[in-house]
Amino acid sequence: MEDYTPTPGDLFYLSGFTDPIRVQVFFGSWCPHCRVMVPRFLKLIQTAGNSNLQVTLTGVPSPFTDYPPAKEKQVKGVPTFIVYSGDKEIGRIGVFEGDSSVEHELVKILYQWKQSHG
């Protein structure tokens with residue numbers, strides 16, 4: 001986590017985001033991708049320092065397909081980042097292009113949502 005540096009432009013956007021957003025993160029401590037992505041995401045949230053960006057962590061067992069919280073949210077893989085405005089899901093981050101980052105994917109979701117909701 002300490003060695004990761006979030007992308008400056010995306011960090012700037014997230015630092016100034018004015019609407020309350022909640023991100024529910026489904027992860028497994030046993031998952032190698034989670035061990036990379038979740039600490040990077042937490043570093044991003046910490047560095048952004050924006051109280052409008054709230055995070056809920058939900059650890060899942062292996063296998064997780066029958067785990068009620070993951071099943072209820074239709075989580076197909078981990079890590080999965082579900083982005084909410086209020087109680088409404090506005091986007092998800094799961095698998096993304098190799099040249100992207102979790103912060104860039106979050107910015108894309110928030111930017112598109114903001115454009116359609118003013």
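Residues numbered from 1 in each chain as written. Predicted model: local features only at pLDDT ≥ 70, side-chain atom pairs only at ≥ 80, totals over all residues. Heavy atoms only, no water.

(A) Seen up close, the packing of aromatic side chains. One pass over the structure, following the stated rule, counts four aromatic pairs. An angle of 50 degrees between the planes, with centres 5.8 Å apart, marks the rings of Tyr 13 and Phe 17 as tilted. Its relative accessible area of 24% is what places Tyr 13 among the partly exposed residues. Residue classification places Phe 17 among the buried positions, given a relative accessible area of 4%. Considering the side-chain rings of Trp 30 and Phe 64, the 6.4 Å spacing of their centres and the 20 degrees angle between planes classify their relative orientation as stacked. Of the two residues, Trp 30 sits in the loop between strand S1 (21-27) and helix H2 (32-48) while Phe 64 sits in the loop between strand S2 (53-59) and helix H3 (68-72), which places them 34 residues apart along the sequence. Note on Trp 30: relative accessible area 33%, which makes it partly exposed. In this structure, Arg 22 is placed above the aromatic ring of Tyr 84, and the distance from its NZ or CZ to the ring centre is 4.2 Å. Between the NZ or CZ atom of Lys 114 and the centre of the ring of Phe 17, over which it lies, the distance is 5.8 Å. (Phe/Tyr/Trp six-rings, centres within 6.5 Å; stacked < 30°, edge-to-face > 60°. Buried < 20%, exposed > 50% of the residue type's maximum accessible area, 1.4 Å probe, protein only. Helix = DSSP H or I, 4+ residues; strand = E, 2+ residues; numbered from the N terminus. Lys NZ or Arg CZ within 6 Å of the ring centre and 35° of its normal.)

(B) Seen up close, helix H1 (residues 8-15). Listed in full, the buried residues belonging to H1 are Asp 10, Leu 11 and Leu 14. End-on view of H1: buried residues confined to an arc of 100 degrees, all on one side of the axis. Exposed side of H1, more than 90 degrees from the buried face: Pro 8 and Phe 12 are the residues found there. Where H1 is buried, its residues contact H2, S2 and helix H4 (102-117). (Arc of directions from axis to C-beta. Contact = heavy atoms within 4.5 Å.)

Everything listed is a geometric property; what it means functionally is a separate question.
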